[in-house]
Amino acid sequence: MEKIRVRFAPSPTGPLHIGGVRTALYNFLFARQNNGTFILRIEDTDQNRLVPGAEAYIIESLTWFGLIPDEGPGFGGNCGPYRQSERKALYKQYVDKLIADGNAYYAFDTADELEAMREIDETFKYGIHSRMSLKNSLSLSAGLVEKLIKSGENVAVRIKIPANESISFFDEVRGHVAFDSNELDDKVIMKGDGMPTYHMANIVDDHLMKISHVIRGEEWLSSTAHHVLLYRFFGWEAPKFAHLPLILKPTGNGKLSKRDGAKFGFPVFPISWDSEHEEDNFTGFREDGYMPEAVLNFLAMLGWSPGNDQEIFSIEELIKTFRMEKIVKSGARFDIDKARWFNQQYLIQADNLKLAYMIQNQAIDDGYHVAVEYLAEVCALMKERVHKADEIIKNSRFFFEAPNFYDEETIKKKFSLEQVDHLLEIADKLNNLKSSDLPQIEITIKGYIIERSLKMGEIMPIIRIAISGSMQGPDLIQTIALIGTNEAASRLKTGVERFKSIKI
Ligand code: GLU
């Protein structure tokens, strides 16, 4: 059987959109489940649109997710170089062949001339109906063409789309797709600087890199007609195509854009991107406290369905279960609440120490210089109560410092001056405990309450508020055990003083 080889082929024109990560993921899953090869190819032929740092960003993002290419720039492989700009010299012979065979031609129109055409007619297409009235090697005399080529100015090469044909192909997601060749434009395949355009470089490389399946976003569907023609002109077998559904805005209206992150208040990029211009700075899922496994699981389900109601899939399970036939045709709505839900499921399962390392920098930034083992214990108590790792510290400052505000409403309702002596006595007892182990703390507090015939439901909330400031939080006894009985005693004493003044 033919070896499965797939590629993820981003253009380094900015940070990698989360939709690009989904494309990479589906390619990766398909490669892994077929013992195939997952290739990273950097499509950087459009030098005007290159953005410094974008390639490094792409690689860092893939690495964070564990979607490590088998071949690619810096990853080895026998079909390199994997950066198209480094393959420039290689494309010319293929362009020459197309010209020699009458499947491509030189065009000399300037950008301004073409712009003027578009101004007259906004549906203007360089193609079957217009090419003979434009400046190219089909319409001009051989002598003039030779002169213009020699001059070297504005010499582009365009594909010559044949008239009156239905260009069709089978798409693994959409089934049979056909385009009327009369509707297609004669796209530029090589620019004046000798750099091929996306279409040319893409199919030459897919052929030379022996790509078996092209799995990419739906926005490339209409280009596929051009690609199919190019394969035919070269007499090469085309790879199989699968076009993934669009990722839609949370409202379901239109494609999710990079600006939607700021608009809706969630990340649309895998990791943060810092730019010189503030409006182009983007927060990433990583920095926003998401776990890579959770984001991958979320993305896997954004456009694919296993056919039953299982939602949680480890990457190994995805590799086993993922089926190209189950990719959906319609756009997939980006629902951040679903991403948060996935993240919560993974947080609950996550190793506490691993989580601790994830939030260690945040703790330090907030001035909490605690041992990572301590952070791990905080994570153990908090992870079920949050959706994202960054919320652990935000919602549990009482593990790191005494509360600086108290839930006054509950104090007014539950606290009475008769409790003062009891609370201080409990504080003393906690202070005198030799160890901070759970049963000891529990017996000390609850035992005292029972012994003095007090009400659990009145004393416990007040202790809790003294310790953590509010009624929210993990189990009180476990919280005291973690911050330590002396610290708890001291907070209780401080709290009692404050509560007295709140009550009065
Ligand atoms: N360079 C294209 C992009 O940036 C790749 C499209 C394809 O996979 O063919 O998305």
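Structure: above.
In this text the structure is predicted, and so the values were computed from the model without any measurement.

Caption draft 1: The overall build of the protein chain, seen in detail. When you go through the protein chain residue by residue, the secondary structure sums to 20 helices and eleven strands. Scaling as 2.2 N^0.38, a compact globule of 504 residues should have a C-alpha radius of gyration of about 23 Å, whereas the protein chain reaches 32 Å, well beyond that. Here the protein chain holds 504 residues, and 51% of them are scored as buried. Put simply, of all contacts in the protein chain between residues at least 6 apart along the chain, 72% involve residues at least 24 apart. Approximately 23400 Å² of the protein chain is accessible, and the part contributed by carbon and sulfur atoms is 49%.

Caption draft 2: Up close: the site of the ligand. Inspection of the region around the ligand gives R7, A9, P10, S11, E43, Y198, N202, R216 and W220 as its neighbouring residues. W220 places a polar side-chain atom, nitrogen or oxygen, 3.4 Å from an oxygen atom of the ligand. Here the shell around the ligand is built from residues that sort into four nonpolar, two polar and three charged.

Caption draft 3: Representation of the pairing of strand β2 (residues 37-40) in the model. Residues of β2 alternate between two faces, with T37 and I39 on one and F38 and L40 on the opposite face, all of them buried. Pairing of strand β1 (residues 5-8) with β2, which is carried by four bridges, proceeds in the parallel orientation. From the neighbouring strand, R7 faces β2, where its bridge partner is I39. Read as a crossover between parallel neighbours, the route from β1 over helix α1 (residues 18-33) to β2 is right-handed.

Caption draft 4: A look at the sheet that holds strand β3 (residues 104-107). Strand order in the open sheet formed by three strands is β3-β4-β7, and the pairing between neighbours is antiparallel. Across the chains shown, the open sheet's two edge strands, defined by having one partner strand only, are β3 and β7 (188-190). Strand-to-strand twist in this sheet, taken as the mean axis angle between neighbours without regard to direction, amounts to 45°. Pairing of strand β4 (residues 156-159) with β7 involves two bridges; the strand directions are antiparallel. Its bridge partner lying in β7, V157 is registered against M190.

Caption draft 5: Molecular detail of helix α11 (residues 336-349). Between its first and last C-alpha atoms α11 spans 20 Å; for 14 residues at 1.5 Å apiece the expected length is 20 Å, and the two agree. Taken as a whole, α11 has its buried residues at I336, A339, F342, N343, Q344, Y346 and L347. Residues of α11 that are buried make contact with α9 (292-300) and α12 (352-365). Of the residues flanking the start of α11, the one acting as N-cap is D335, its side-chain oxygen 3.1 Å from the backbone nitrogen of D337.

Caption draft 6: Structural detail: the nonpolar core. Counting 112 residues, the largest nonpolar core has L67, F334, F399, I445, I463 and F499 as the members making the most contacts within it. Among all residues touching F499, those that are not within four sequence positions of it are Y406, I411, F415, I462, I465 and A466.

Caption draft 7: A look at the packing of helix α16 (residues 419-432) against helix α17 (residues 438-451). One way to put it is that α16 packs onto α17 with a least axis distance of 10 Å and a crossing angle of 160°. By the angle between their axes, α16 is roughly antiparallel relative to α17. Where α16 crosses over α17, the two elements pack in a sense that is right-handed. On α17, the residues touching H422, E425, I426, K429 and L430 of α16 are I441, T444, I445 and Y448. By residue class, the composition of the contact of α16 with α17 is five nonpolar, two polar and two charged.

Caption draft 8: Spotlight on the pattern of salt bridges. Applying the stated criterion across every chain, the model contains 36 salt bridges. The residue E497 makes a salt bridge to K500 at a minimum N-O spacing of 3.5 Å. Of this pair, E497 and K500 both sit in helix α20 (residues 485-503), three residues apart, roughly one helical turn. You can call E497 partly exposed: its relative accessible area is 45%. Judged by relative accessible area, K500 falls into the partly exposed class, the value being 26%.

Caption draft 9: Summary view of α1. With 16 residues, α1 extends 23 Å from end C-alpha to end C-alpha; this agrees with the ideal 22 Å at 1.5 Å per step. Counting buried positions along α1 gives 14 out of 16 residues, so the element sits mostly inside the fold. Once α1 finishes, N35 follows within two positions and takes phi at roughly 50°, a positive value.

Caption draft 10: View of the packing of aromatic side chains. With the rule as written, the count across this model stands at 25 aromatic pairs. If you follow R22 out to its NZ or CZ, it ends over the ring of Y26, 5.7 Å from the centre.

Caption draft 11: Here's a closer look at the side chain of H226. By the secondary structure assignment, H226 is in helix α7 (residues 223-234). Leave out the neighbours within four places in its chain, and H226 touches I159, I161, L184, D185 and K187.

Caption draft 12: Main features of the environment of S137. By the secondary structure assignment, S137 is in the loop between α4 (111-120) and α5 (142-151). Exposure remark for S137: the relative accessible area of 25% places this residue in the partly exposed category. In the structure, S137 is positioned 131 residues away from V6 in sequence and 37 Å away in space, judged by C-alpha atoms.

Cut-offs applied
Residues numbered from 1 in each chain as written. Predicted model: local features only at pLDDT ≥ 70, side-chain atom pairs only at ≥ 80, totals over all residues. Heavy atoms only, no water. Helix = DSSP H or I, 4+ residues; strand = E, 2+ residues; numbered from the N terminus. Rg over C-alpha atoms; globule rule 2.2 N^0.38 Å. Buried < 20%, exposed > 50% of the residue type's maximum accessible area, 1.4 Å probe, protein only. Contact = heavy atoms within 4.5 Å. Areas by Shrake-Rupley, 256 points an atom, 1.4 Å probe, with all protein chains shown as cover. Near = heavy atom within 4 Å. Polar contact = N/O pair within 3.5 Å; in protein donor to acceptor, adjacent residues only side chain to side chain. Nonpolar A, V, L, I, M, F, W, Y, C, P; charged D, E, K, R; others polar. Pairing = 2+ DSSP bridges. Right-handed = clockwise from strand over helix to strand, strands pointing away. Axes fitted to C-alpha atoms, helices over the stretch in contact; angles between N-to-C directions. Expected span 1.5 Å × (residues − 1). Core = buried A, V, L, I, M, F, W, Y, C linked by side-chain atoms within 4.5 Å. Parallel < 35°, antiparallel > 145°, perpendicular 65-115°, else oblique. Left-handed = near helix turned anticlockwise from the far one by under 90°. Salt bridge = Lys/Arg side-chain N within 4 Å of Asp/Glu carboxyl O. Phe/Tyr/Trp six-rings, centres within 6.5 Å; stacked < 30°, edge-to-face > 60°. Lys NZ or Arg CZ within 6 Å of the ring centre and 35° of its normal.

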